[in-house]
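Geometric and topological summary
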Amino acid sequence: MSESDTILSALADGVLSLTLNRPDKLNSFNEEMHLALRAGFERAHQDGDVRAVLLTGAGRGFSAGQDLGDRDPRKGTPDLGHTIETFYNPLLRLIRSLEKPVICAVNGVAAGAGANIAFACDITLAARSARFIQAFAKIGLVPDSGGTWNLPRLIGEARAKALALTAEPLDAETAASWGLIWRVVDDDKLMDEAKALAIRLAAGPTKGLGLTKRAIQAAATNSLDDQLDLERDLQREAGRSADYAEGVTAFLEKRKPEFKGR
Ligand code: T3D
């Protein structure tokens, strides 16, 4: 695990909380924070005690995307393809391939990659005061961190293009009503609600939840026939899990199930 304080990391009740922690820079991403966040998600992949992840930001913002202080063009032209390949793409792949729920609590402004990382999580809650900005257009860039893939799928091409081309801020209520995020929560209730949701999911049948995530993500590129076959295969796998046996046994015995995440 990385020792950097740019990511605060804590495991409790099966939930690995990862907090972006560069509040003076609105939690914008420098290399150190990238590596520390990656280490957090790698731990989530490897550590059986982690059964859900809660991602949020410290201070008044969630994340302003790339730290532009590290990108001064007056000092030379950076190879942004290299940084996408080295930092943002691996992060997105770690989030999407983690077969455990990733909850995101957007506590304030989410701009550039910050917005698209929030949209890539499994369940995203936002504070009522939060706003989402595809800031890339303001500096001549292209939406990254899966934005060009996720936005049209979540909200359709017309809205995706308008957000990306204008870089207009989108308020949290509209983001929820468009289906970009799950729910808006009053600012002072956001973290309580997000933690309660993460703890609830961490106590759930992790294997089945992970397979569900895999299936829903696969639907974006599968035909119906492919998807039906996948559902058959994943149901077979889920049906062999200890948590399935516990869930049905608990139902038959009229008691609450105690899932172990296996
Ligand atoms: O480069 C590559 O590797 C390619 C990958 C790119 C991915 C990307 O994310 S590109 C997009 C980069 N992000 C932006 O363009 C957003 C820039 N920030 C803003 O437009 C605004 O800060 C916000 C709309 C997000 C918030 O505005 P506001 O008025 O609430 O806050 P502020 O006053 O602008 O910012 C507060 C502080 O955070 C300020 O520092 P200071 O003056 O108090 O010392 C500001 O400079 C700093 N800050 C905000 N965003 C960034 C940042 N510092 C570095 N990088 C930032 N992205």
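Coordinates for the structure precede this section.
Predicted model only: the values in this text are computed from it and were never measured.

Let us look at the sheet that holds strand E2 (residues 15-20). One open sheet accounts for six strands, arranged E1-E2-E3-E5-E7-E10; its pairing is mixed. The strands lining the two open edges of the sheet, one partner per strand, are strand E1 (7-12) and strand E10 (183-185). The sheet shows a mean angle of 20° between the axes of neighbouring strands, taken without regard to direction. Relative to strand E3 (residues 52-57), E2 runs parallel, the two being bridged by six bridges. The residue bridging Ser17 from the neighbouring strand is Leu54, located in E3.

What follows deals with the pattern of salt bridges. This structure, assessed with the given rule, holds 16 salt bridges. Across the pair Lys260 and Glu258 runs a salt bridge whose closest N-O atoms are separated by 4.0 Å. Classification of Glu258 by relative accessible area gives exposed; the value is 55%. Counted as one network, the salt bridges with shared partners bring together Asp229, Arg232, Asp233 and Arg236.

Time to look at the site of the ligand. Taken together, 23 residues surround the ligand, and among them Ala64, Gln66, Arg71, Thr83 and Ala113 come closest. Here an oxygen atom of the ligand and a backbone polar atom of Ala113 are 2.8 Å apart. Coverage of the ligand by the protein chains reaches 68% of its 1100 Å² of free accessible surface. Listed by contribution, the elements that provide at least two residues to the shell around the ligand are helix H2 (80-97) and strand E8 (131-133). Ranked by residues supplied to the shell around the ligand, first place goes to H2 with four residues.

Calculation notes
- Residues numbered from 1 in each chain as written.
- Predicted model: local features only at pLDDT ≥ 70, side-chain atom pairs only at ≥ 80, totals over all residues.
- Heavy atoms only, no water.
- Pairing = 2+ DSSP bridges.
- Helix = DSSP H or I, 4+ residues; strand = E, 2+ residues; numbered from the N terminus.
- Axes fitted to C-alpha atoms, helices over the stretch in contact; angles between N-to-C directions.
- Salt bridge = Lys/Arg side-chain N within 4 Å of Asp/Glu carboxyl O.
- Buried < 20%, exposed > 50% of the residue type's maximum accessible area, 1.4 Å probe, protein only.
- Near = heavy atom within 4 Å.
- Polar contact = N/O pair within 3.5 Å; in protein donor to acceptor, adjacent residues only side chain to side chain.
- Areas by Shrake-Rupley, 256 points an atom, 1.4 Å probe, with all protein chains shown as cover.

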